[in-house]
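# Reading the structure
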Amino acid sequence: MRIVILSSSVYSETACAMAVRLAESGHVPVGALALRALDSTTLLRKVGQWGARGVAHYARAKLIPHHADGPPQVKNPHLRPLLENGRGVLLSLRAVTELYCFPVASCADQNGSDSIALLKEWSPDVIIFTGGNILRKPLLDVPRLGVLNVHLGLLPEIRGMSSPEWSLLKNVPVGITIHYMAVGIDTGPILQRYEFPEARQCESLDDLRNRLIAFGIDKTAEVVAALDHGALSAIPRSDLDCDNQFFVMHEWLRERAAERLAKSRTATIAGAVHG
Amino acid sequence: MTDLGAAFRDRGHNKDNATASLVSTALIEATGLLRRPQRLVPLIQKLASDKIRLTFEPRHLYSYTKAKRPSEEILNSLLRWIIAAQRSDGGIAAYYSLLTGYSESYPEVTGYIVPTLYDFARITGDSSAIVAAERATRWLLGLQMPSGAFSGGLHGSDAQPSVFNTGQILQGLVRVYAETNRSDILQGAAAAGDWLVRIQQPDGSWSGAGAYQNTAHTYYSMVAWALADLSECSGSRPLSLEYAVAAEKNLDWVLGQFRPSGWIEGINLQGHPNYLHFIAYVLQGVLECGILRGRPDAIDAVAKSSWVLLRKFETTKFLPGAYERDFKGGCNFTCLTGNAQMSCVWLRLFEMTDDLRYLNAALKMNEMLKRLIPFRGRPGIAGGVSGSFPAWGRYQPLRYISWGCKFFADALILEQGLKRSFRATADTPAVKALPCAS
């Protein structure tokens, strides 16, 4: 199975962990394509989003990792088993490629003609999307089987952004869906859906998200193995005319979702104590 | 505001006249700057700050703007702006122009700002808002024509009765009556209502002499809302049912203008684009009238159109200030008043449907609007809502407008109320998901 990873940055922990997990299960990627960390459009956008101070802080953390006190650490603690080992800490895709010997390229736009040409050269069966641009049809058509995405919510119930938070507020089970990507957001055929049993143990929304990412990486490796053996086929969608798209959640509602999470955790602990 | 501001008023019936009117207005406004050159500094400040914001404001899928100032503080500054805009006659100015300063009092806006003043006083206990509402009401009652109608345009500029302005002022009178139970107020409101019922067309629309450009407009659903409101408050009076019937007749006519795409025909402002302000007027009027009259078909129609705009806002972080048919086209300015009205519509839809996505969109819209309220500056600027963002956009350029403050204050008041009564986290029943892999 020829696999390519798409990433929002060479420093993406999710992309690094995905590459390591796949390689460990015998599917070393044939390449990884990451967005450039610094291009003028992104920089301008980030200045607007975080302010100049926030951008400086981010750049310092990413570009000078040793500046912080102590040794560099993986931010998502649930990815540490994959990214921290006896050989050091894998904080960029370049460090991962040194270990598993596959090429990494960077680009300003994953949909650009240069990117498409490179991807075609790698001739992937599957592309795994871990972040980056909204993908256009020419890119989606490159892999033999399709572009895989791990959606941090159950499809078709929760489509779009802030899925774990919306799942909590809408009282839909928290979970992930591995699906092929299509031109619309979260509209492609579904490969597998998994409820996330540990949701009630999460301490915060960030903790929930981090655990879901690690869970998604693990399950992607299983899905890739099943695809490799021809043991899995996608389920076409019949929900696309429904209004089930959700958007980035406002902070005030996010606080309510966090309260709900805390409440379910308290109930779980109380249940364990009494039961 | 029907007439797009008296200075921008299009008295002609074709595009040439509208253009000529715009040019003459621009010249008049420019001479205002020559008379008061000290206005140049705030003008340049505003233009520069909008340009900087346009360059750096985040507008992508994964973020939304976040204001640093709390809603209560912004709400207070909006109301301070409105009270400062109250002229010596008791009426509230239509706008503060960065070129010419405050306009004359504007009866229409004065009328429908009254409910906002009472709402603000109710939640803050600020009696100055009630004093302002009482002064405004006295002034308005003095302007009522023997027929019961109110005239259009700025005070002193137009002696013709106007359907829309009468309806908008009626909203204020109904609220004053609900607050004070004064019989003279109910008499004035009933006279206005009777006039509106009298001149309504058999199909439920209002056209002819009392209508802007003599033609029927779907945004007169705001008039239907006022009549439905009057019907509620006049209770057992003999004409109460007639007001309700007239409101529903108009509602039926407007609902007939909704297209499958959610677009609404019949805004009918010749020489002007379909500004978001007027689209939102249609939606607000239909929604509120539908709620008062218990019409789920009206609420469904508004929900459909509002969802189109919600998707646009969520995916681009921006609502264009004007649209072509079927919400196509777009322009590079946003109409802040229209945005605030959409926030009100989404908040009310959340109340009616419990769909949290409406609340989510409204909260984000309010954040965006809060960031655009200047907290410093001379009276007329501090706490004001500009017509367009950027300030040179086509809708009410270089002006802070009183109805913008009114609608944004309404949105923040609604937001506060809904946040307090939020129950979804505790009460939402669990959804049964489809089967999952293990």
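Being a predicted model, the structure only gives us computed values, none of them experimental. Counting restarts for each chain: residues are numbered from 1 in the order of the written sequence. As a convention, the first chain written is A and the first ligand written is 1, with the rest following in written order. Whole-chain, interface and lining totals are the exception, using all residues; otherwise, since this is a predicted model, local features are given only for residues with pLDDT of at least 70 and side-chain atom pairs are given and counted only at 80 or more.

## Some remarks on the pairing of strand 2 (residues 31-35) of chain A
Residue and element names in this part refer to chain A. Exposure criterion: with C-beta atoms placed from backbone coordinates, a residue whose C-beta has 20 or more other C-beta atoms within 10 Å is buried, one with 12 or fewer is exposed, and one in between is partly exposed. Strands here are runs of E lasting at least two residues and helices are runs of H or I lasting at least four, both read from the DSSP assignment and numbered beginning at the N terminus. For strand 2, the tally of buried residues reaches five of five residues, placing the bulk of the element in the interior. Of the two faces of strand 2, the one lined by Gly31, Leu33 and Leu35 and the one lined by Ala32 and Ala34 are each fully buried. Pairing between strand 1 (residues 3-7) and strand 2: four bridges, direction parallel. By the bridge assignment, Ile5 is partnered in strand 2 with Ala32. The criterion for strand pairing is that DSSP finds at least two bridges linking the strands in question.

## Brief notes about the sheet that holds strand 7 (residues 399-401) of chain B
All names here are of chain B. Read from one edge to the other, the open sheet built from three strands follows the order 2-1-7, with strand pairing classed as antiparallel. Because the sheet does not close on itself, it has two edges, and the strands there are strand 2 (101-102) and strand 7. Where strand 1 (residues 95-97) meets strand 7, three bridges bridge the pair, whose relative direction is antiparallel. By the bridge assignment for strand 7, Tyr95 is matched with Ile401.

## Thoughts on the sheet that holds strand 6 (residues 126-129) of chain A
Residues and elements named next belong to chain A. Read across the sheet, seven strands follow the order 5-2-1-6-7-9-10 without closing on themselves; strand pairing throughout is mixed. Looking at strand neighbours, the two that pair on one side only are strand 5 (104-107) and strand 10 (190-195), the edges of this open sheet. Averaged over all adjacent pairs, the angle separating strand axes in this sheet is 20°, with direction ignored. In terms of strand pairing, strand 9 (residues 175-180) meets strand 10 through five bridges, oriented antiparallel. Opposite His179, over in strand 10, you have Ile190 as the bridge partner. Lying on the sheet, helix 4 (residues 93-100) is in contact with strand 1, strand 2 and strand 5; it crosses strand 5 at an angle near 155°. Once C-beta atoms are placed from the backbone, any two residues with those atoms within 7 Å are in contact. What counts as an axis is a line fitted to C-alpha atoms, over the stretch in contact for a helix, and the angles between N-to-C directions run from 0 to 180 degrees. Contacts between helix 5 (residues 113-122) and the sheet are confined to strand 1, strand 2 and strand 5, with strand 2 contributing the most and set at about 165° to the helix.

## Examining unusual backbone geometry
Here Leu155(A) and Pro156(A) are connected by a cis peptide whose omega angle stands at 5°. Cis geometry marks the peptide bond from Phe389(B) to Pro390(B), where omega comes out at -5°. Mapped onto the fold, Pro390(B) is located in the loop between strand 6 (388-389) and strand 7. Here the phi dihedral of Asn171(A) falls at roughly 60°; this positive angle occurs in a residue that is not glycine.

## Brief notes about the environment of Thr337(B)
All names here are of chain B. Mapped onto the fold, Thr337 is located in helix 12 (residues 336-353). Sequence separation of Thr337 and Glu288 is 49 residues, and the distance between their C-alpha atoms is 18 Å. If sequence neighbours within four positions are ignored, Thr337 has contacts with His277, Val385, Ile401, Trp403, Gly404 and Phe407.

## A few points about the packing of helix 1 (residues 13-24) of chain A against helix 4 of chain A
Residue and element names in this part refer to chain A. Their axes nearest at 9 Å, the elements helix 1 and helix 4 cross at an angle of 15°. Comparing their axes, helix 4 and helix 1 come out roughly parallel. Here helix 1 and helix 4 pass one another in a crossing that is left-handed. On helix 4, the residues touching Ala15, Cys16, Ala19, Val20 and Ala23 of helix 1 are Leu93, Val96 and Tyr100. Each residue belonging to the contact of helix 1 with helix 4 can be placed in one class, and the counts come to eight nonpolar, no polar and no charged. Small angles under 35 degrees read as roughly parallel and large ones over 145 as roughly antiparallel, with 65 to 115 read as roughly perpendicular and the rest as oblique. With the far helix as reference, a near helix turned anticlockwise by less than a right angle produces a left-handed crossing, and one turned clockwise produces a right-handed crossing. Residue polarity is assigned by list, with Asp, Glu, Lys and Arg as charged and Ala, Val, Leu, Ile, Met, Phe, Trp, Tyr, Cys and Pro as nonpolar; anything else, Gly included, falls into the polar class.

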